[in-house]
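# Secondary and tertiary structure notes
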Amino acid sequence: MDLSPFETDNSVSCRLASQIPEVCRTEDCCLGIDEAGRGPVLGPMVYGICFCPVSKKEDLKELKVADSKTLTEAERENLFEKLDEAKSYVGWALEILSPNTISGSMLQRSKYNLNALSHDTAIGLVQYALDSGVQLKEVFVDTVGPAEKYEEKLSQKFPGITVTVRPKADSLFPIVSAASICAKVARDRIVKGWNFAEDLGEVDTDYGSGYPNDPKTKAWLLKYLDPVFGYTQFVRFSWSTAQSLMDSKAG
């Protein structure tokens, strides 16, 4: 997985993708969608799709893909390697939403929240697979917001494709688990190797989990909050935690 297109400029969003397996252009395929990094105040949110022929669903099961949240980092990396080795029949694509994109979207005047951003990103990735010639017949999605409404929205957008939206889809459907692994591996690697555009000298990379309620994350946010310029582009400055720390420091 070459992350350099995003790392060259991590202030903007970026799409990365594998080669499209030839078999996916000729056989009926299923596709799974999941995301990583929805809740953290630090780093990007990564949307992933994974697709393979319907006839290969069992092969995917044998790779023992599971919901990425239940796996260790080493297990995820190992499974991503296996998915990569199965490139004769498995394809993937990622949309990396930079912290800048997320905050900019959420703070613009017309209301555009995280759910809307998630839905639009997922739709864009399904469209990418179709435009690339993947013969999509089934799409499985981990829900964002009410599952029925989201399922209806996607079904209307992609007539002729059977869409299944479920909570915890990443633990129910191996193709969603595979998408979840691709997204999480990419996000973990990006966060670990984040290239700070700002001149911060030696950056302390011990920022905890990145979730707003983590004391370590909060301490890191305070440490790198500039009284004039605010936060680095690693931070989703629209998150309430980031906002309230900024307000308290300005006060």
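For the structure itself, consult the block above.
Just so it is clear, the structure is predicted and the values come from calculations on it, not from any experiment. (Residues numbered from 1 in each chain as written. Predicted model: local features only at pLDDT ≥ 70, side-chain atom pairs only at ≥ 80, totals over all residues. Heavy atoms only, no water.)

## Section: helix 10 (residues 215-223)
- Looking only at helix 10, the buried set comprises Thr217, Trp220 and Leu221. What you see down the axis of helix 10 is that its buried residues fit within an arc of 100 degrees, all on one side. In helix 10, the exposed residues that point more than 90 degrees away from the buried face are Pro215 and Lys223.
- Residue Asp214 occupies the N-cap position of helix 10, its side-chain oxygen lying 2.8 Å from the main-chain nitrogen of Lys216. (Buried < 20%, exposed > 50% of the residue type's maximum accessible area, 1.4 Å probe, protein only. Helix = DSSP H or I, 4+ residues; strand = E, 2+ residues; numbered from the N terminus. Arc of directions from axis to C-beta. Polar contact = N/O pair within 3.5 Å; in protein donor to acceptor, adjacent residues only side chain to side chain.)

## Quick look at empty space enclosed by the protein
- Across all of its chains, the model carries 1 cavity of 30 Å³ or more by this definition.
- Considering the residues around the largest cavity, the lining is formed by Phe6, Glu7, Asn10, Ile190, Gly193, Trp194 and Asn195.
- Class assignment for the residues of the lining of the largest cavity results in 3 nonpolar, 3 polar and 1 charged. (1 Å grid on protein atoms, 1.4 Å probe; cavity = no way out; pocket = protein on both sides within 12 Å on 5 of 7 lines; lining within 4 Å. Points joined across faces, edges and corners; volume = space filled by probe spheres on them. Nonpolar A, V, L, I, M, F, W, Y, C, P; charged D, E, K, R; others polar.)

## Brief notes about unusual backbone geometry
- If you check the backbone angles, Lys64 has positive phi at about 60 degrees while not being a glycine.
- Checked against the element boundaries, Lys64 lands in the loop between helix 3 (57-62) and helix 4 (73-85).
- Within the chain, Lys168 stands out as a residue other than glycine whose phi angle is a positive 60 degrees.
- With respect to the secondary-structure elements, Lys168 resides in the loop between strand 6 (162-166) and helix 8 (169-172).

## Remarks on the packing of helix 6 (residues 114-131) against helix 7 (residues 147-157)
- In contact at an axis separation of 12 Å, helix 6 and helix 7 are set at 35 degrees when each is read in the N-to-C sense. Crossing hand, helix 6 versus helix 7: right-handed. Across the interface between the two elements, Ser118, His119, Ala122 and Ile123 of helix 6 pack against Tyr150, Lys153, Leu154 and Lys157 of helix 7.
- Taken together, the residues of the contact of helix 6 with helix 7 sort by class into 4 nonpolar, 2 polar and 2 charged. (Axes fitted to C-alpha atoms, helices over the stretch in contact; angles between N-to-C directions. Left-handed = near helix turned anticlockwise from the far one by under 90°. Contact = heavy atoms within 4.5 Å.)

## Comments concerning the packing of aromatic side chains
- Scanning the model with the defined rule gives 10 aromatic pairs in all.
- Taken together, the ring pairs in this structure connect Phe6, Trp194, Phe196, Tyr207, Trp220, Tyr224 and Phe234 into an aromatic cluster.
- For the cation-ring pair, Lys56 lies above Tyr89, with the distance from its terminal atom to the ring centre recorded as 4.9 Å.
- Over the aromatic face of Trp239 sits the side chain of Arg236, whose NZ or CZ is 4.9 Å from the ring centroid. (Phe/Tyr/Trp six-rings, centres within 6.5 Å; stacked < 30°, edge-to-face > 60°. Lys NZ or Arg CZ within 6 Å of the ring centre and 35° of its normal.)

## Thoughts on helix 7
- Here helix 7 has its buried residues at Ala147, Tyr150 and Leu154. The buried side chains of helix 7 occupy one side of the element, clustering within an arc of 70 degrees when seen end-on. Turned more than 90 degrees from where helix 7 packs its buried face, Glu148, Lys149 and Gln156 sit exposed.
- Those residues of helix 7 that are buried lie in contact with helix 6, strand 5 (136-142) and strand 6.

## Re the pairing of strand 2 (residues 29-36)
- Among the 8 residues that make up strand 2, 8 are buried, leaving the element largely enclosed by the rest of the structure.
- Side chains Cys29, Leu31, Ile33 and Glu35 project from strand 2 onto one buried face, and the interleaved Cys30, Gly32, Asp34 and Ala36 project onto a second face that is buried too.

## So, the pattern of salt bridges
- Evaluated as defined, the whole model comprises 14 salt bridges.
- Two residues, Lys57 and Glu138, come together in a salt bridge whose shortest N-O distance is 2.8 Å. Of the two residues, Lys57 sits in helix 3 while Glu138 sits in strand 5, which places them 81 residues apart along the sequence.
- Residue classification places Lys57 among the partly exposed positions, given a relative accessible area of 30%.
- Put simply, Glu77 and Arg189 hold a salt bridge, and the shortest N to O gap is 2.7 Å. Pair noted here: Glu77 is in helix 4 and Arg189 is in helix 9 (residues 174-192), with a separation of 112 residues, a long-range link.
- Exposure remark for Glu77: the relative accessible area of 22% places this residue in the partly exposed category.
- Classification of Arg189 by relative accessible area gives partly exposed; the value is 25%. (Salt bridge = Lys/Arg side-chain N within 4 Å of Asp/Glu carboxyl O.)

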